[in-house]
Amino acid sequence: MDFLILFLFYLALVVMGLVLICVCSKTHSLKGLARGGAQIFSCVIPECLQRAMHRSLHYLFHTRNHTFIVLHLVLQAMVYTEYTWEVFGYCQELEFSLYYLLLPYLLLVVNLFSFTLTCVTNPGIITKANELLFLHVYEFDEVMFPKNVRCSTCALRKPARSKHCSVCNWCVHRFDHHCVWVNNCIGAWNIRYFLIYLLTLTASAATVAIVSTTFLIHLVVMSDLYQETYVDDLGHLHVMDTVFLIQYLFLTFPRIVFMLGFVVVLSFLLGGYLCFALYLAATNQTTNEWYRGDWAWCQRCPLVAWPPSAEPQVHRNIHSHGLRSNLQEIFLPAFPCHGRKKQE
């Protein structure tokens, strides 16, 4: 039991560290912080170990591999195993509503289905066969997406809102980002599955946290633990406080309390990212466009001195046409390839 707790703890730390690395790699300000941290560690860590770490990070984040898919499924399996093994059984004994207890499993089924679709669906790969069709889907803004530009890697003409993925080595229509957790790019044709996957993953983590918290609170109330007293190391009598109550619950139900802490942290992390993803969907932006828009904002910053001849161009979102139209574009995307087949 202690080994399982320690394993979960270190696994959670690894996952949180990987999440932070993913965030750092996407943010301008954090990139400098990451470089500074790397310089500090380079003075402490041996060079051979640095090379090994560099190769490992390159494999994990810059090549297509199934490492994060396996890690994702292992973590999900461990959480649901603990939920089924202890929380579900205890809650049944306390006569919790069966529909309430089965909700996490319903969310799990939908989540795994959308997760699979996100992994295997073509995100909108641009090829010579569909290049001309994609060129007419979106209007060029001549700032972020100028006309008549060719990809330096694929040698294909770049449609508006497209980008070459350095991990997958192909250009993607309405490129959002490359997600290591699904080992695929997120583009026009699988963004809807990704949003459903993210929504159900957040909801399942929150539901497991709510059910587990309700069970522990119900247990405390039924046993009148909050009215008990305890004697400290100096022999002084104290009324049960929150810290001691949590310690008592952790010693009594260590796996449940640890799982609860893990899914609570995960719920907040996923909830924050879900809000950001929904904001992008509502305003018809991609992560790539929002990220590149930071540079346009810096150009408008009054603290930055620009030469008189270098007048900055301001990027404007010309693709947003109202909430309903924006969501319809995501959940009912156009498929130019199908249209071409009909014409032929």
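Reading the values: rules and limits
Residues numbered from 1 in each chain as written. Predicted model: local features only at pLDDT ≥ 70, side-chain atom pairs only at ≥ 80, totals over all residues. Heavy atoms only, no water. UniProt positions renumbered as here; feature names shortened; annotations may be inferred. Helix = DSSP H or I, 4+ residues; strand = E, 2+ residues; numbered from the N terminus. Salt bridge = Lys/Arg side-chain N within 4 Å of Asp/Glu carboxyl O. Buried < 20%, exposed > 50% of the residue type's maximum accessible area, 1.4 Å probe, protein only.

(A) Broad picture of the UniProt feature "transmembrane region" (unreviewed entry) in the chain. Those places that UniProt annotates as "transmembrane region" (unreviewed entry) correspond, in this numbering, to residues 6-25, 59-79, 99-120, 194-222 and 258-282. The span residues 59-79 is 81% helix and 0% strand, and its two end C-alpha atoms sit 27 Å from each other. As a span, residues 99-120 carries 100% helix and 0% strand, and end to end its C-alpha atoms are 32 Å apart.

(B) How the structure looks around the environment of Leu102. Mapped onto the elements of the fold, Leu102 is located in helix α5 (residues 98-120). In this structure, the C-alpha to C-alpha distance between Leu102 and Phe88, residues 14 residues apart in sequence, is 8.8 Å.

(C) Representation of the pattern of salt bridges. Taken as a whole and assessed by the stated rule, the structure comprises 5 salt bridges. For Glu289, the salt bridge is made with Arg161, and the minimal N-O distance between the two is 2.6 Å. Note that Glu289 is positioned in helix α10 (residues 287-299) and Arg161 in the loop between α6 (131-134) and β1 (163-165), a separation of 128 residues in sequence. Across this residue pair, the class does not change: Glu289 and Arg161 are buried. A salt bridge links Arg161 to Glu329; the nearest nitrogen and oxygen atoms lie 3.4 Å apart.

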